[in-house]
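Analysis of the macromolecular model
Chain by chain, the residues:
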Amino acid sequence: MKISLVTRASVAVLSVAGMVMAAPAAEARSGVDDEKLTSALEEAHRAGMPGVQGAVRAGGQAWRGASGVADLATGRPVRPDMRHRVGSITKTFTAAAIMQQVEKGRVQLDAPISRYLPHVVPGERGEKITVRMLLNHTSGIPDYLLAAFPSLAAMSAKSLDDNRFRHFSPAELITMGLALLARKPGSLPGVYSNTNYLILGLLLEKVTGTTAKAYITEHVIRRAGLRHTTLPTGPRIKGPHPRMYEAMHGQIDPPRDYSVYDPSWVGVGAALVSTVEDLNRFYGALLDGRIVTRASLAQMQRTVPVSTQVYEDKIDYGLGLHKVTIPGCGTFWGHNGTMWGAGAVSLIRADGARQMSYAINLIRWNALDASGTPQPHPIDEALSAFQQQALCATA
């Protein structure tokens, strides 16, 4: 059995993989209903989620709330302003940084990566894989996850615990990914891979002359006006945050706290720490043309089918952006992400008029059947109901 950063809940409930919702009643699709949103979060907690926090914006109205606990041992309550590991939402930040370099003429989307990093992706492979292929996961380069954490193949947390404070270098992880069986560059559907974004991090450093963290902080995070968003380098999160619990589909029972963990194993692919309000602010700025130009945003919104890492679900993926269509509600853009013990989702409607972000502190809660398929859980339904209320103003 394989394990993925993209959980079944991420695919089916968090609405980033072609999920189809029922069309809401037309009369309910306008503002923000504080009471219903609060009730929906509380239901997610009652269903088994330790803590959940959310922020919704629609029609000039804004809401934020939280339900549950930040710490199972002490009962400390979770708050909506807490910082959280948001996983692969980081990829949108990195993609935006690359698009800024495209605008400056330092990078060409359809140029081979060998033009910039000949020693990172050497030979014919580097000549066939373009920058665009790395951004939209059609490079064919596999993810390094099971090479870095080999015990996951046997559904064991041993390698997670052994590597809690290990610092991986991007080059080390990229080498792991490149050594695995690859697909033909440009093949569709693409295959979601963190290796792609670590290579993009090295590209960003090559063309800017500074670290990827420093560039993204100055030109993406600060440009968006984010006050509580960082790319941490150490294992601890600075500022108030919940503990983050990993269940590994019931293999870790009770779920274990992984909130202290060196994030170098994902780097600029998934290491970001943020808040739900900052995520809404970021995607609002991105779609408003304040992070990259409208032309660059149009490139980011050119999607291809991409398979998630383990369940063979297909998502519409652009350059660091997911496209989600909800009948009766509209087309949304954004991303989801998971880390050990932590998950987050951020979506904004194409016209920018409605958006939602939420974060949870338990991951991979679904038990597995005999075939290794995650089974439905009340948390799934509760999170789906919150998302429907947030994005469509109906439960």
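Shown above is the structure to which this text applies.
Residues numbered from 1 in each chain as written. Predicted model: local features only at pLDDT ≥ 70, side-chain atom pairs only at ≥ 80, totals over all residues. Heavy atoms only, no water.

Across the sheet, nine strands lie side by side as E2-E1-E13-E12-E11-E10-E9-E8-E4; this open sheet has mixed pairing. Of all strands in the sheet, those bounded by a partner on one side alone are strand E2 (61-68) and strand E4 (190-191). Alignment of strand E8 (residues 304-307) against strand E9 (residues 314-317), held across four bridges, turns out to be antiparallel. Residue pairing in the sheet places Pro-305 in a bridge with Asp-316 of E9. Along the sheet face, helix H13 (residues 378-392) touches strand E1 (51-58), E2, strand E10 (322-326), strand E11 (330-339), strand E12 (342-349) and strand E13 (354-360) and points at about 155 degrees away from the line of E13. (Pairing = 2+ DSSP bridges. Helix = DSSP H or I, 4+ residues; strand = E, 2+ residues; numbered from the N terminus. Contact = heavy atoms within 4.5 Å. Axes fitted to C-alpha atoms, helices over the stretch in contact; angles between N-to-C directions.)

The full count for this structure, using the stated rule, is 16 salt bridges. For Arg-132, the salt bridge identified is with Asp-110, shortest N-O distance 2.8 Å. Linking Arg-132 in helix H5 (residues 131-135) with Asp-110 in the loop between helix H3 (90-103) and helix H4 (123-128), this pair joins segments that are 22 residues apart in sequence. On the basis of relative accessibility, which here comes to 52%, the residue Asp-110 falls in the exposed class. Taking the shortest distance from any N to any O, the salt bridge between Arg-364 and Glu-246 comes out at 2.8 Å. In this pair, Arg-364 sits in the loop between strand E14 (362-363) and H13 while Glu-246 sits in strand E5 (residues 245-246), placing the two residues 118 residues apart along the sequence. Linked through salt bridges whose partners overlap, the residues forming this network are Asp-71, Arg-243 and Asp-257. (Salt bridge = Lys/Arg side-chain N within 4 Å of Asp/Glu carboxyl O. Buried < 20%, exposed > 50% of the residue type's maximum accessible area, 1.4 Å probe, protein only.)

Applying the stated rule across the entire model yields two cavities of 30 Å³ or more. What the second largest cavity holds in volume is close to 30 Å³. Around the second largest cavity, the lining residues are His-137, Thr-138, Gly-140, Arg-183, Lys-184, Ser-187, Gly-190 and Val-191. (1 Å grid on protein atoms, 1.4 Å probe; cavity = no way out; pocket = protein on both sides within 12 Å on 5 of 7 lines; lining within 4 Å. Points joined across faces, edges and corners; volume = space filled by probe spheres on them.)

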